[in-house]
Amino acid sequence: MATTLKDLRPVYVAGIGFHRYQFLSDTPYVTLGLAAVRAALDDAGVAWPAVDSAYVAKALLPMAPGRAMLRHLGDHGLPIVHVENASASGSAAFRHACMEVAAGLADIALVVGVDKPMPVGRAESLARIGSLADDAIAPFTHFALLADAYAARTGASVEDIALVAVKNHRNGSKNPFAQHQKERTLDEILGGKKIAGGFTSLQCTPVGEGAAAVIIASEEGLRRRGVGLDRAVRVASSAGRSQHLYDDATRYDAMLTQETTQIALAQAQLAPGELDVVELHDAFTVEEVEYVEAMGLCPDGQAVPMLKEGAFDIGGRCAVSPSGGLISMGHPIGPTGVGQIGEITRQLRGEAGPRQHPGARSGLAHMVGVGAVCYVHVLQKP
Amino acid sequence: MSDPDLLKPTLYRRAGSAARPEPPALLGGACACGHVFFPLQSYGCERCGGTDLQPRALTGAGRLLASARVHLHAGKGREAPFTVGSIRLEDGPIIRTLIEGGETRLHPGAAMVAVLAPVTDPQGSARLDLRFMAEA
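Residues numbered from 1 in each chain as written. Chains lettered and ligands numbered in written order. Predicted model: local features only at pLDDT ≥ 70, side-chain atom pairs only at ≥ 80, totals over all residues. Heavy atoms only, no water.

A.B. asks: How should the overall build of chain A be read in this particular structure?
C.D. replies: Helices and strands together make up the secondary structure of chain A, namely 12 helices and 12 strands. If you line up chain A on its principal axes, its C-alpha atoms span 55 × 45 × 45 Å. Looking at chain A residue by residue over its 382 residues, the buried ones come to 60%. Per element, the accessible surface of chain A, about 14100 Å² overall, is 52% carbon and sulfur. Considering chain A, the positive charge centre built from 33 side chains and the negative charge centre built from 40 side chains are found 5 Å apart. (Helix = DSSP H or I, 4+ residues; strand = E, 2+ residues; numbered from the N terminus. Buried < 20%, exposed > 50% of the residue type's maximum accessible area, 1.4 Å probe, protein only. Areas by Shrake-Rupley, 256 points an atom, 1.4 Å probe, with all protein chains shown as cover. Lys, Arg positive; Asp, Glu negative; His and termini not counted. Charge placed at Lys NZ, Arg CZ, Asp CG, Glu CD.)

Below is the structure:
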């Protein structure tokens, strides 16, 4: 049996920082990234020279944006690695930074995700395997098909599934770093621009620009620099998987989510019902109902009734996407997975202000990325 | 020799399969391990990794798993609205395809059959492309 993160020395999130997720602007990516990194360093109480290793997550920016940004923090020479893993780029960067610190190869590491919308191709299209209609099936259409299948399987209506967007826009309205910061009624959401199937624009993530950063550290790394563990949050487990060949090939994201979450929860020795906050890949409303079931937060087919009861609200049984999630906070791609870690850290510290989930002690961050790949991290208050 | 009238002759043909000669067949493959897939490829089997992959004509019929009317489409050469669907073929693989006659609501579980529909290729020539429609 291979060693897991839990078997190595403890790793903590010691600092978090953001640049607001926003629609594409003239702001250079360097400005976005530096804002997040400086905020994370300040939050951790750690100076730049104390950082041993840097991970830069991006999926859309061109090759090697890292040092061109980080050099403005002062002369350093630390190792910098860039991580591209589609939507899960930030989550993958976080996992590998945690492994480096846990293994003792670094005491303090920076993970920063930064991106700006730019046209990029998908390598799979270069495999020269034809398709009947891939050009007609954008991501929102793929998920609209899953929503139709979910509705047929569970009896949920278009209105039921859209309730995810009502909750997540409400959460995002309380998040100063969210791209959408406006509460929306169900009628507003359903009356918006039609996209595909039952989806309207407010049920789909906006892909914009932004940055998120976290500082992770070992206990000795922090103590040596005079920083205590008072506000640190433990990384209890890390799991990364890619998809299998499933009987229902269209539901790969949910199947992969189930497997990866089970591994992460087992490592952390937690049951799904013990999670207080969850940030998941809700790029489209149907994903949230599919994934809360796949994760075991509720029985199969029960996501909508529980959503209606308020079980996934802030203050409910388990706050799902308290940041606003991808639907409201946004999905700038490279930063997204790092931003989830930032939000859960804020929640477990009890510093989330108007969107604080009371008594949060355990949180889970989940991202899927095309390919498909999946990452799940569990964080706990020490 | 591929059929010059077909838009994507590597993916389907006019002739049907042994099981159902009527609807156009889809050009899939089968591995020595038993895995049946669409479309045909020669890189390696997604189940066992083997490279003994043989062409297999798949019956152009199956059951609808889901459909969605697409109202917004950025790509050139295709005007929204149109309908796409997920269909489990009688031979096993699940495909995603355009649906003919998708203006009316389709219900998961409906029997679907392949048809060749007239289209215009990017060069402006008349071609036939594969669609699925509800079986009469």
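A.B. asks: Looking at this structure, I do not really get the interface of chain A and chain B. What am I missing?
C.D. replies: A common way to report how large an interface is uses the accessible area buried once the components associate. Facing the 29 residues of chain A at the interface are 34 residues of chain B. In total, chain A and chain B occlude about 2500 Å² of area from one another, counting both sides; carbon and sulfur atoms represent 64% of this. Considering only the surface of chain A that becomes buried against chain B, Leu-132, Leu-145 and Leu-245 of chain A emerge as the three largest contributors, covering 28% of it. Where chain A meets chain B, there are 11 residue pairs in polar contact (both at pLDDT 80 or more). Listing elements by their share of the side of chain A that touches chain B, those giving two or more residues are α4 (139-154) and β5 (194-196) of chain A. Each residue belonging to the side of chain A that touches chain B can be placed in one class, and the counts come to 16 nonpolar, six polar and seven charged. (Contact = heavy atoms within 4.5 Å. Buried area = accessible area lost by both parts, 1.4 Å probe. Polar contact = N/O pair within 3.5 Å; in protein donor to acceptor, adjacent residues only side chain to side chain. Nonpolar A, V, L, I, M, F, W, Y, C, P; charged D, E, K, R; others polar.)

A.B. asks: Would you take a moment to explain the sheet that holds strand β8 (residues 233-242) of chain A for this structure?
C.D. replies: Strand pairing in a sheet takes place through backbone hydrogen bonds and is either antiparallel or parallel in direction. Residues and elements named next belong to chain A. On the basis of which strands lie adjacent, the open sheet formed by 10 strands has the order β3-β2-β4-β7-β1-β8-β12-β11-β9-β10 and mixed pairing. Two strands in the sheet have a free side with no partner beyond their single neighbour: β3 (80-83) and β10 (319-320). Two strands pair when backbone bridges link them, and strand β2 (residues 53-57) and β3 are joined in this way by four bridges, in the parallel orientation. Among the inter-strand pairings, Tyr-55 is bridged to a residue of β3, identified as Val-81. Along the sheet face, helix α1 (residues 29-44) touches β1 (12-22), β4 (108-115) and β7 (209-217) and points at about 150 degrees away from the line of β1. (Pairing = 2+ DSSP bridges. Axes fitted to C-alpha atoms, helices over the stretch in contact; angles between N-to-C directions.)

A.B. asks: I'm lost on the nonpolar core in this one. Help?
C.D. replies: The biggest cluster of nonpolar side chains holds 124 residues, and the ones touching the most others in it are Ile-216 of chain A together with Phe-132 of chain B. When residues of this core are assigned to their parent elements, the largest contribution, eight residues, is made by α4 of chain A. By size, the runner-up hydrophobic cluster in this structure holds 34 residues, among which are Ala-40, Val-51, Leu-61 and Leu-78 of chain A. (Core = buried A, V, L, I, M, F, W, Y, C linked by side-chain atoms within 4.5 Å.)

A.B. asks: What is the right way to look at the pattern of salt bridges in this model?
C.D. replies: Where charged atoms from two side chains of opposite charge approach closely, those side chains can pair. Residue and element names in this part refer to chain A. Using the criterion set out here, one finds 28 salt bridges over all chains in the structure. With a shortest N-O distance of 2.8 Å, Arg-231 and Glu-351 are connected by a salt bridge. With Arg-231 in the loop between α7 (219-224) and β8 and Glu-351 in the loop between α12 (336-349) and β11 (362-369), the pair connects residues that are 120 residues apart, well separated along the chain. Given the relative accessible area of 32%, Arg-231 is considered partly exposed. The partly exposed category is assigned to Glu-351, whose relative accessible area is 34%. What you see here is one network of salt bridges that share partners, running through Arg-9, Asp-107, Glu-220 and Arg-224. (Salt bridge = Lys/Arg side-chain N within 4 Å of Asp/Glu carboxyl O.)

A.B. asks: Sorry, what's going on with the domain arrangement of chain A here?
C.D. replies: Residue and element names in this part refer to chain A. Parsing chain A into structural domains produces domain 1 (5-117 + 207-233) and domain 2 (137-199 + 236-380). Each of domain 1 and domain 2 has a C-alpha centre, and these two points are 23 Å apart. The interface of domain 1 with domain 2 comprises 41 residues on the first partner and 44 residues on the second. Where domain 1 abuts domain 2, roughly 3400 Å² becomes buried across the two surfaces, and 64% of that area is made up of carbon and sulfur atoms. Where domain 1 packs against domain 2, one counts 14 residue pairs in polar contact (both at pLDDT 80 or more). Secondary-structure elements contributing two or more residues to the side of domain 1 that touches domain 2 are β1, α3 (89-102), β4 and β7. With nine residues, the top contributor of residues to the side of domain 1 that touches domain 2 is β1. Class assignment of the residues belonging to the side of domain 1 that touches domain 2 gives a composition of 22 nonpolar, 11 polar and eight charged. (Domains from an automatic or database assignment.)

A.B. asks: Teacher, can you tell me more about the packing of aromatic side chains here?
C.D. replies: How two aromatic rings sit relative to each other is given by the distance of their centres and the angle of their planes. All names here are of chain A. Going through the model one piece at a time under the given rule, you end up with four aromatic pairs over all chains. An angle of 25 degrees between the planes, with centres 5.0 Å apart, marks the rings of Phe-18 and Phe-177 as stacked. Residue Phe-18 is located in strand β1, and its partner Phe-177 is located in the loop between α5 (158-172) and α6 (186-190); the two are separated by 159 residues in the primary sequence. When its relative accessible area of 24% is taken as the criterion, Phe-177 is described as partly exposed. Taken together, a centroid distance of 5.0 Å and an interplanar angle of 20 degrees make the contact between Phe-143 and Phe-284 stacked. Of this pair, Phe-143 sits in helix α4 while Phe-284 sits in the loop between β9 (277-279) and α9 (285-294), and the two are 141 residues apart along the sequence. Following the ring pairs from residue to residue traces out a cluster consisting of Phe-18, Tyr-21 and Phe-177. (Phe/Tyr/Trp six-rings, centres within 6.5 Å; stacked < 30°, edge-to-face > 60°.)

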